[in-house]
Amino acid sequence: VQLQASGGGLVQAGGSLRLSCAACGGTFSSYALGWFRQAPGKEREFVAVINWSGGRTYYLDSVKGRFTVSRDNAKNTVYLQMNSLKPEDTAVYYCAADTYGVVDGPIGPDEYDYWGQGTQVTVSS
């Protein structure tokens, strides 16, 4: 399975971005899909996850109400809509796929089987 993340960029605080992650290969519709981020000098951090059907989602507390994860299984793509962006959201954002598919809460990075290459999000103040 190959994951290709895109949609990052430079945006002013309060602005919006939509990240996309397209998958090639595997059975995308059965996977749980997550978004992580890593800022310079910090560990990779869970941001959001969506289960195989799209019926369950979980978020990092600091992004709740601002970020929305969604998926389109027909397009083998997962999205992260980011609104009201803050400078502290600046990081490289990664998408990841967990072949288990069932989600009962945030999933740690070690549980994921496949990772995308990351896309840079920079929020200026």
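Scroll up to find the structure this text is about.
Calculation criteria
- Residues numbered from 1 in each chain as written.
- Predicted model: local features only at pLDDT ≥ 70, side-chain atom pairs only at ≥ 80, totals over all residues.
- Heavy atoms only, no water.
- Patch = residues over 30% accessible without salt bridge, like charges linked within 9 Å, V, L, I, M, F, W, Y side chains within 5 Å.
- Areas by Shrake-Rupley, 256 points an atom, 1.4 Å probe, with all protein chains shown as cover.
- Salt bridge = Lys/Arg side-chain N within 4 Å of Asp/Glu carboxyl O.
- Helix = DSSP H or I, 4+ residues; strand = E, 2+ residues; numbered from the N terminus.
- Contact = heavy atoms within 4.5 Å.
- Disulfide = S-S within 2.5 Å.
- Buried < 20%, exposed > 50% of the residue type's maximum accessible area, 1.4 Å probe, protein only.
- Core = buried A, V, L, I, M, F, W, Y, C linked by side-chain atoms within 4.5 Å.
- Pairing = 2+ DSSP bridges.

Caption draft 1: The arrangement of a nonpolar patch on the surface in detail. A cluster of nonpolar side chains, namely Trp52, Tyr100 and Val102, defines an oily patch on the protein surface of about 350 Å² accessible area. Mapped onto the secondary structure, tyrosine 100 falls in the loop between strand E9 (91-98) and strand E10 (114-115).

Caption draft 2: Local environment of the environment of valine 1. Tracing the backbone shows valine 1 in the segment before strand E1 (2-6). With 26 residues separating them in the primary sequence, valine 1 and threonine 27 have C-alpha atoms 8.6 Å apart. Leave out the neighbours within four places in its chain, and valine 1 touches Cys24, Gly25, Gly26, Tyr31 and Tyr114.

Caption draft 3: Just the state of the cysteines, in detail. Under the criterion given, the structure shown has one disulfide. Covalent S-S linkage joins cysteine 21 and cysteine 95, the inter-sulfur distance amounting to 2.0 Å. Disulfide cysteine 21 to cysteine 95: torsion about the S-S bond roughly 60 degrees, handedness right-handed. Taken together, the residues span a long stretch of sequence, with cysteine 21 in strand E3 (residues 17-24) and cysteine 95 in strand E9 at a distance of 74 residues. Like cysteine 95, cysteine 21 is buried. Here cysteine 24 is not cross-linked by a disulfide; its sulfur's nearest cysteine counterpart is in cysteine 21, at 12 Å.

Caption draft 4: The arrangement of the nonpolar core in detail. Counting residues in hydrophobic clusters, the biggest one holds 30 residues, and the most contacted among them are Trp35, Val47, Phe67, Val69, Leu80, Met82 and Tyr93. Elements represented by at least two residues in this core include exactly E1, E3, strand E4 (32-38), strand E5 (45-50), strand E7 (67-72), strand E8 (77-82), E9 and strand E11 (119-124). In contact with valine 47, not counting residues within four places along its chain, are Trp35, Phe36, Arg37, Tyr58, Tyr59, Leu60, Val63, Phe67, Leu80 and Tyr93.

Caption draft 5: Seen up close, the pairing of E8. Of all six residues in E8, five are buried; the element is thus mostly enclosed. Looking at chain direction, E3 and E8 are connected through six bridges and run antiparallel. Across the sheet, residue arginine 18 finds its bridge partner in E8, namely glutamine 81. Where E7 lies against E8, six bridges are found, and the strand directions are antiparallel. Bridged to valine 69 within E8 is leucine 80. Here E7 folds back onto E8, and the loop between the two strands holds four residues, one of which, asparagine 76, carries a positive phi near 55 degrees.

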